[in-house]
4 protein chains.
Amino acid sequence: MLILMKLDAPRSDVERVKEKILSLGYATHEIPGEARIALGITGNRGKIDPELFLNLPGVLDAIPVTKPYKLASKDFKATKTTVPIGNESIGSNELTIIAGPCSVESRQQIIDTAGILKELGIKFLRGGAYKPRTSPYAFQGLKQEALQYLQDARTVTGLKIVTEVKDTETLPLVSECADVLQIGARNMQNYSLLEAVGAQSKPVLLKRGLSATIEEWLMAAEYILNGGNPNVILCERGIRTFETATRNTLDLNAVPIVKKLSHLPIIVDPSHGIGVWEGVIPMSLAAVAAGADGLMIEVHHNPETALSDGYQSLKPSKMKLLLEQLQQLAPIMNRTITR
Amino acid sequence: MLILMKLDAPRSDVERVKEKILSLGYATHEIPGEARIALGITGNRGKIDPELFLNLPGVLDAIPVTKPYKLASKDFKATKTTVPIGNESIGSNELTIIAGPCSVESRQQIIDTAGILKELGIKFLRGGAYKPRTSPYAFQGLKQEALQYLQDARTVTGLKIVTEVKDTETLPLVSECADVLQIGARNMQNYSLLEAVGAQSKPVLLKRGLSATIEEWLMAAEYILNGGNPNVILCERGIRTFETATRNTLDLNAVPIVKKLSHLPIIVDPSHGIGVWEGVIPMSLAAVAAGADGLMIEVHHNPETALSDGYQSLKPSKMKLLLEQLQQLAPIMNRTITR
Amino acid sequence: MLILMKLDAPRSDVERVKEKILSLGYATHEIPGEARIALGITGNRGKIDPELFLNLPGVLDAIPVTKPYKLASKDFKATKTTVPIGNESIGSNELTIIAGPCSVESRQQIIDTAGILKELGIKFLRGGAYKPRTSPYAFQGLKQEALQYLQDARTVTGLKIVTEVKDTETLPLVSECADVLQIGARNMQNYSLLEAVGAQSKPVLLKRGLSATIEEWLMAAEYILNGGNPNVILCERGIRTFETATRNTLDLNAVPIVKKLSHLPIIVDPSHGIGVWEGVIPMSLAAVAAGADGLMIEVHHNPETALSDGYQSLKPSKMKLLLEQLQQLAPIMNRTITR
Amino acid sequence: MLILMKLDAPRSDVERVKEKILSLGYATHEIPGEARIALGITGNRGKIDPELFLNLPGVLDAIPVTKPYKLASKDFKATKTTVPIGNESIGSNELTIIAGPCSVESRQQIIDTAGILKELGIKFLRGGAYKPRTSPYAFQGLKQEALQYLQDARTVTGLKIVTEVKDTETLPLVSECADVLQIGARNMQNYSLLEAVGAQSKPVLLKRGLSATIEEWLMAAEYILNGGNPNVILCERGIRTFETATRNTLDLNAVPIVKKLSHLPIIVDPSHGIGVWEGVIPMSLAAVAAGADGLMIEVHHNPETALSDGYQSLKPSKMKLLLEQLQQLAPIMNRTITR
């Protein structure tokens with residue numbers, strides 16, 4: 001349920017409605033719009049009777065929200081969300097490019113890579129410290145050591161750090177290092193983790209689950225938003241289908257659909273989405289042409305020796321090529337890409 | 001198996017190799033390359049011993065082709081195929097735009113629509129005469145009557161006609177009217193129909209089956225090529241997945257993958273691929289950015305009253321908008337789009 | 001729309017309702033029930049007003065049928081359909097076992113196999129004459145020759161013949177030989193073929209398409225029923241999913257769901273459903289326990305040399321073992337299995 | 001890599017091989033077989049050279065294990081694992097029946113339900129205390145309160161308790177109450193949780209993920225086994241496919257495939273697998289006929305008022321009916337079912 005206040009409703013009217021909501025046992029979120037205030041009601045399991053609010057002073061309308069997500073919905077907040085990250089942001093007209101290796105492999109590797117990316121004009125560095133792996137015997141990341149290296153890379157280059165948090169235990173450590181916390185595809189419905197990142201203030205990049213519908217994905221975002229953290233960035237990274245020629249099926253349909261349903265920014269990870277480096281450039285261009293707010297791309301200075309995901313990583317020279325093409329494409333999409 | 005001839009091999013050497021192939025009970029296709037001649041061997045079920053050919057005069061190499069498709073493979077023909085359609089072609093640098101209603105609904109409708117599209121600079125008109133429908137009670141197309149209307153539209157506007165052939169019985173009739181024969185997704189593995197369109201000369205637009213892998217799709221193309229018709233255009237139109245927010249999941253990964261594996265042109269149908277008109281423009285741009293050779297788009301002058309697929313059809317005004325955006329995008333992709 | 005007649009409605013009332021239906025431009029099917037007559041209306045695209053019939057003499061009720069299929073629906077015919085095939089039938093309490101090789105490979109092979117199966121007490125012989133194959137270079141069946149061998153096998157053993165018809169061209173030939181016409185998974189939405197088998201009188205075994213929903217499958221059956229052929233047997237044979245450990249994912253859920261929605265008999269093909277012979281026995285037992293009316297199983301006297309599907313074929317000795325287990329299971333499921 | 005020791009190899013030989021393995025930086029697990037000892041090597045990322053072991057005294061063979069899972073593999077342990085749970089066990093010839101409501105809703109509800117189930121002869125009670133839910137606004141379980149009620153139900157009836165643990169934070173609490181810890185489908189690849197349950201001693205029931213391949217599922221089991229907990233029970237509960245007529249597609253193929261690949265017991269949850277109560281009885285019978293070691297079934301004394309999953313829950317009277325049918329089926333499958 002969404003309560004729309006009249007344009008001239010005094011603050012006391014707003015407060016009275018909030019009290020009413022709380023008295024019914026529900027929670028409420030104030031959504032300051034450009035013109036008017038709206039109050040979202042959450043915590044209700046069944047329908048709420050609009051009559052309960054329509055007669056209160058200052059109330060213009062009470063709109064039942066039929067979508068299962070509310071805070072993530074465009075009905076709730078019509079204007080696009082821009083997530084601030086220091087002096088940068090995600091979700092504005094500026095295309096976001098996040099690049100870097102799958103895993104942090106050594107101090108030298110990540111600092112060198114960050115330097116190369118900085119020279120290319122990139123502002124966000126990705127790099128896995130804690131790696132969720134299908135096999136217990138696979139390389140699981142350098143963990144705490146990698147976090148230190150990422151911080152060193154930031155100190156040296158000024159790049160913002162995007163890194164994955166895989167459980168609540170390591171959240172405090174990862175949160176200290178990261179500028180953006182990444183939730184991986186396999187953890188998209190790890191609700192305890194979603195609640196934990198919702199209860200802290202670092203922005204969250206939420207990858208879509210392998211077999212998550214768009215609605216389930218928005219519901220996962222809702223967990224974070226409902227926890228009090230409004231800074232959620234969605235990341236499409238391919239879904240699981242019957243096709244075996246590609247690692248995943250990059251679902252670019254999700255870009256216009258999410259933009260229709262939600263105010264949250266959406267970026268695309270073509271590296272996992274197609275899983276083979278030759279496909280990364282065309283799918284990056286396609287993602288931006290579909291309307292994505294940015295890209296997350298695996299770049300490795302020497303893909304052949306990468307400890308993970310080398311097969312889908314771009315060399316820096318290919319990344320440069322991609323950036324040149326993106327710079328041509330951006331203005332057509334009413335986007336900027338400063339380097 | 002692919003037999004590569006030496007650069008200076010005389011014609012008599014080529015003929016001797018061909019005789020050898022035939023004498024072993026296989027078929028052969030000559031592939032004239034820019035520099036050298038190659039001979040493809042088909043009809044074999046198991047492996048062929050390269051030794052059988054390596055000692056023949058004029059033979060440079062005998063390469064086992066491990067992919068199950070051969071004629072569709074890039075190993076077989078390295079240069080991109082351009083399908084000629086009268087004074088137009090598909091697969092060249094010129095982006096192909098095929099537009100029109102899902103079904104031909106009346107003479108007036110199709111002639112008016114063709115006129116509007118011609119004014120927009122479009123060269124290919126689509127329109128269903130025979131409509132395969134999930135329900136026996138749904139509108140199945142105006143059939144033979146519609147074929148006449150399509151021919152009238154061509155006479156009036158000069159647009160090339162793309163229309164679906166749904167069975168071998170109506171192939172002669174449809175073939176007489178169509179410039180390009182469309183094979184629908186549900187018929188992608190109707191092998192009798194594939195053989196029949198392979199045995200005639202009109203170009204064939206082969207839609208990907210709902211749950212066909214890229215390999216199976218190329219195998220379906222192989223049926224047509226093996227029948228003697230080299231003019232096959234592939235059309236990605238979305239696959240079936242668990243996602244229900246969209247009619248299908250448009251698999252744009254297929255564009256770079258097909259271009260890596262095959263010499264055949266590939267176009268994209270975003271109308272079926274996303275299934276809702278608001279998504280057609282972004283997914284059209286995405287398809288071209290991914291490298292597609294063209295688009296097939298449902299356009300209806302009055303989508304609300306369309307007898308089929310109105311929900312996913314663009315109005316002419318939106319089609320115009322899309323063309324303007326494509327004209328900006330084309331040069332970035334090294335494409336032209338003359339109007 | 002379904003018109004229920006009163007118990008004591010005279011024939012003249014029934015005829016009057018039929019005339020009314022025809023006068024509205026619809027078709028009608030009379031469904032003789034145990035107690036009362038019902039008249040199904042088909043051919044309507046939109047809703048029909050029940051008021052048009054409720055006032056006619058002899059009419060008890062006019063029930064809108066919301067499912068897109070009608071003739072296949074249990075609302076239309078509450079009692080289970082039994083398909084008669086000479087002195088045998090499918091859909092009765094007797095479990096149907098259809099067995100035999102994927103392809104007819106020689107006269108000797110099929111007659112020998114038929115003899116072995118007859119000794120095991122099996123009544124139905126399967127064997128492919130025309131084989132739809134993914135590759136144009138794969139064995140496509142012995143075609144007309146195989147049809148003759150199947151007839152010979154019937155003459156020698158008395159077994160009923162189940163064989164696939166893959167196009168309308170060969171339908172007359174196949175129909176002459178077969179006791180049951182099989183429509184393969186890839187042809188489930190080949191509507192011209194469905195219409196053709198609907199217009200003739202041999203029973204049709206309709207396999208579920210690789211990615212067909214249960215509703216689409218029942219709609220395909222509807223095409224055949226609507227053509228005038230009431231003898232349709234459904235066959236679940238596995239659907240396409242992301243799982244690669246098995247050839248297909250046998251969807252046994254389909255058995256209770258189809259039995260809830262439709263009166264048509266449903267059998268299961270575990271050979272294609274799991275794709276590996278060790279799994280055929282457990283999945284056969286599972287299918288019968290789920291309520292299937294029968295099984296279709298690939299049996300080859302020498303699977304290692306089979307020209308197709310050897311990997312999923314049972315040897316006769318394993319088939320015997322399975323039959324012994326089925327004979328124990330049948331009474332628990334209120335089924336008989338005479339041998 | 002698996003090192004097979006000779007039948008008469010003395011203990012000192014075994015120890016020498018173990019030292020060699022550790023000296024190479026790998027871990028080892030001793031697998032006491034009926035006749036001979038085998039040593040599994042884990043922790044290696046690439047291939048290990050068998051030559052390193054073949055010359056050591058007492059070594060019969062060194063077999064590279066190509067499957068990515070080792071401890072879960074039948075190559076590793078040929079005999080079926082039986083998981084002891086107090087005086088009961090899972091994986092023996094006795095069919096395991098786990099029944100109870102989706103969620104613990106009140107002390108009265110769970111104690112009454114336990115009493116009814118005990119009377120039916122059931123030994124295991126399921127009931128959710130912590131409920132992972134798609135929506136943050138849905139009922140999330142009575143949590144710690146529910147754990148107390150479950151313990152009370154055990155005290156009163158003696159039934160063993162199966163309940164879900166959804167994160168590492170609540171693991172100590174849940175572990176104290178549960179006889180079997182359930183890992184839900186959405187947490188199948190929550191590796192931190194898998195490691196945590198691997199490091200404690202309570203048996204773990206591991207549900208298959210919605211879109212997990214059988215191999216990924218066994219890899220998830222491998223995490224638990226590798227942590228030191230050998231007591232893992234697999235639970236097939238349906239996978240996500242395109243079919244919408246059922247909540248999930250119960251993949252009974254998984255039963256024979258898992259039994260071929262692994263020594264771990266496998267049970268089936270038909271309630272989630274089909275998602276509608278009328279289908280639960282047929283799919284339960286099918287699961288047992290496919291070879292499952294047991295069933296997990298949602299039973300609610302009043303499904304209409306259930307706080308979750310009422311639609312797929314059996315009433316106690318239907319559960320009784322199912323048990324009667326299972327008692328007939330069990331002996332055919334060489335199973336017992338004591339009540």
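These figures come from a predicted structure and were not determined experimentally.

A. Fine view of the overall build of chain A. Check the secondary structure of chain A and you find eleven helices and 14 strands. Computed over its C-alpha atoms, the radius of gyration of chain A comes to 21 Å, within 12% of the 20 Å expected for a compact globule of 339 residues. Principal axes of the C-alpha set define a box for chain A whose edges measure 70 × 45 × 45 Å. Within chain A, contacts between residues separated by at least 24 positions form 66% of all contacts whose residues are at least 6 apart in sequence.

B. Just the nonpolar core, in detail. Ranked by internal contacts, the top residues of the largest apolar core, which has 208 residues, are Leu206 of chain C together with Leu206 of chain D. Of all hydrophobic cores here, the second largest spans 195 residues; its members include Val174 of chain A together with Ala196, Ala292 and Leu322 of chain B.

C. View of the interface of chain C and chain A. Facing four residues of chain C, the contacting portion of chain A comprises four residues. In terms of residue class, the side of chain C that touches chain A is built from one nonpolar, two polar and one charged.

D. The arrangement of the confidence of the model for chain A in detail. This prediction gives chain A a mean pLDDT of 92; 97% of its residues lie at or above 70. Prediction confidence for the complex, expressed as pTM and ipTM, is 0.88 and 0.86 respectively.

E. Region of the structure containing the domain arrangement of chain A. With domains assigned, chain A is organised as domain 1 (2-63) and domain 2 (83-332). With centres defined by C-alpha atoms, the gap from domain 1 of chain A to domain 2 of chain A works out at 37 Å.

F. Structural view of the pairing of strand β14 (residues 294-298) of chain A. Residue and element names in this part refer to chain A. The element β14 is largely enclosed, with a buried count of five among its five residues. Across the two faces of β14 the burial is the same, with Gly294, Met296 and Glu298 and Leu295 and Ile297 all buried. In this structure, strand β7 (residues 96-100) lies alongside β14, joined through five bridges in parallel fashion. If you follow Ala99 over to β14, its bridge partner there is Ile297. Note that strand β13 (residues 266-268) and β14 share two bridges and pair parallel. Looking at the pairing, Ile267 lines up with Gly294 of β14.

G. Here's a closer look at the sheet that holds strand β13 (residues 266-268) of chain B. Residues and elements named next belong to chain B. With respect to topology, eight strands assemble into a closed barrel ordered β7-β8-β9-β10-β11-β12-β13-β14, the strand pairing being parallel. Each adjacent strand pair in this sheet contributes to an overall mean axis angle of 25 degrees, direction not counted. Where strand β10 (residues 180-183) lies against strand β11 (residues 204-207), three bridges are found, and the strand directions are parallel. Bridge assignment links Gln182 to a residue of β11, and that residue is Leu205. Sheet contacts for helix α7 (residues 214-226): β11 and β12 (232-236); angle to β12, the most-contacted strand, approximately 160 degrees.

H. Just unusual backbone geometry, in detail. Residues and elements named next belong to chain A. In the Ramachandran plot, Asn334 falls in the positive-phi region, its phi being about 55 degrees despite a non-glycine side chain. Examined against the element boundaries, Asn334 turns out to sit in the segment after α11 (316-332). For Asn334, a count of 8 C-beta atoms within 10 Å translates into the label exposed.

I. Structural detail: the sheet that holds strand β13 (residues 266-268) of chain D. Spatially, β7-β8-β9-β10-β11-β12-β13-β14 (chain D) is the arrangement adopted by the eight strands of the closed barrel, whose pairing is parallel. Pairs of neighbouring strands in the sheet enclose a mean axial angle of 25 degrees, with direction left out of account.

J. Geometry of the interface of chain A and chain B. Contact with chain A, which involves 34 residues of that partner, is made by 34 residues of chain B. Tallying contributions element by element places helix α10 (residues 280-289) of chain A first for the side of chain A that touches chain B, with five residues. The residue inventory of the side of chain A that touches chain B, partitioned by class, reads 18 nonpolar, eleven polar and five charged.

K. Expanded view of the packing of helix α10 (residues 280-289) of chain B against helix α11 (residues 316-332) of chain B. Residue and element names in this part refer to chain B. Relative orientation of the contacting elements α10 and α11 amounts to 25 degrees, with a least axis distance of 10 Å. By the angle between their directions, the pair α10 and α11 is classed as roughly parallel. The two elements α10 and α11 cross, and the hand of that crossing is right-handed. The segment α10 lies against α11, with Ile281, Ser284, Leu285, Val288 and Ala289 engaging Lys318, Leu321, Leu322, Gln325, Leu326 and Leu329. Of the residues contributing to the contact of α10 with α11, the split by class is eight nonpolar, two polar and one charged.

L. Region of the structure containing the environment of Pro132 of chain A. As for its position among the elements, Pro132 of chain A is in the loop between β8 (124-126) and α4 (144-157). On the basis of neighbour count, Pro132 of chain A is assigned to the partly exposed category, with 19 C-beta atoms found within 10 Å. On a C-alpha basis, the gap between Pro132 of chain A and Ala330 of chain A in space is 34 Å, while along the polypeptide they are 198 residues apart. When residues no more than four places from it in sequence are discounted, the contact partners of Pro132 of chain A are Lys166, Gly184 and Arg186 of chain A together with Gln189 and Tyr191 of chain D.

M. Examining helix α8 (residues 254-261) of chain B more closely. Within α8 of chain B, six of the eight residues are buried, which leaves the element mostly enclosed by the surrounding structure. Inspection of α8 of chain B places Ala254, Val255, Pro256, Ile257, Val258 and Lys259 of chain B among the buried residues, and these make up the whole buried set.

N. Structural detail: the relation of the copies chain C and chain A. Rotating chain C by 180 degrees and moving it 0.1 Å along the rotation axis overlays it on chain A with an RMSD of 0.1 Å. Taken together, the turn and the small shift mark the pair as related by a two-fold rotation axis. The C-alpha atom lying nearest the rotation axis in chain C is that of Phe242 of chain C; the distance is 2.2 Å. Mapped onto chain A, 100% of the interface residues of chain C again fall at the interface, so both copies present the same surface.

O. The arrangement of the relation of the copies chain A and chain B in detail. Each copy superposes on the other: chain A lies on chain B with an RMSD of 0.0 Å after a rotation of 180 degrees and an axial shift of 0.0 Å. By residue overlap, the copies meet face to face through one surface: 100% of the interface positions of chain A are interface positions in chain B.

P. View of the environment of Val232 of chain C. Residues and elements named next belong to chain C. Topologically, Val232 is positioned in strand β12 (residues 232-236). In the structure, Val232 is positioned 83 residues away from Lys315 in sequence and 29 Å away in space, judged by C-alpha atoms. Look past the residues within four positions of Val232 in its chain and what remains in contact with it is Val204, Leu206, Ala221, Ile224, Leu225 and Leu264.

The rules behind each value
- Residues numbered from 1 in each chain as written.
- Chains lettered and ligands numbered in written order.
- Predicted model: local features only at pLDDT ≥ 70, side-chain atom pairs only at ≥ 80, totals over all residues.
- Helix = DSSP H or I, 4+ residues; strand = E, 2+ residues; numbered from the N terminus.
- Rg over C-alpha atoms; globule rule 2.2 N^0.38 Å.
- Contact = placed C-beta atoms within 7 Å.
- Core = buried A, V, L, I, M, F, W, Y, C linked by C-beta atoms within 7 Å.
- Buried ≥ 20, exposed ≤ 12 C-beta atoms within 10 Å, placed from the backbone.
- Nonpolar A, V, L, I, M, F, W, Y, C, P; charged D, E, K, R; others polar.
- pLDDT = per-residue confidence, 0-100.
- Domains from an automatic or database assignment.
- Pairing = 2+ DSSP bridges.
- Axes fitted to C-alpha atoms, helices over the stretch in contact; angles between N-to-C directions.
- Parallel < 35°, antiparallel > 145°, perpendicular 65-115°, else oblique.
- Left-handed = near helix turned anticlockwise from the far one by under 90°.
- Least-squares fit on C-alpha atoms with pLDDT ≥ 70 in both.

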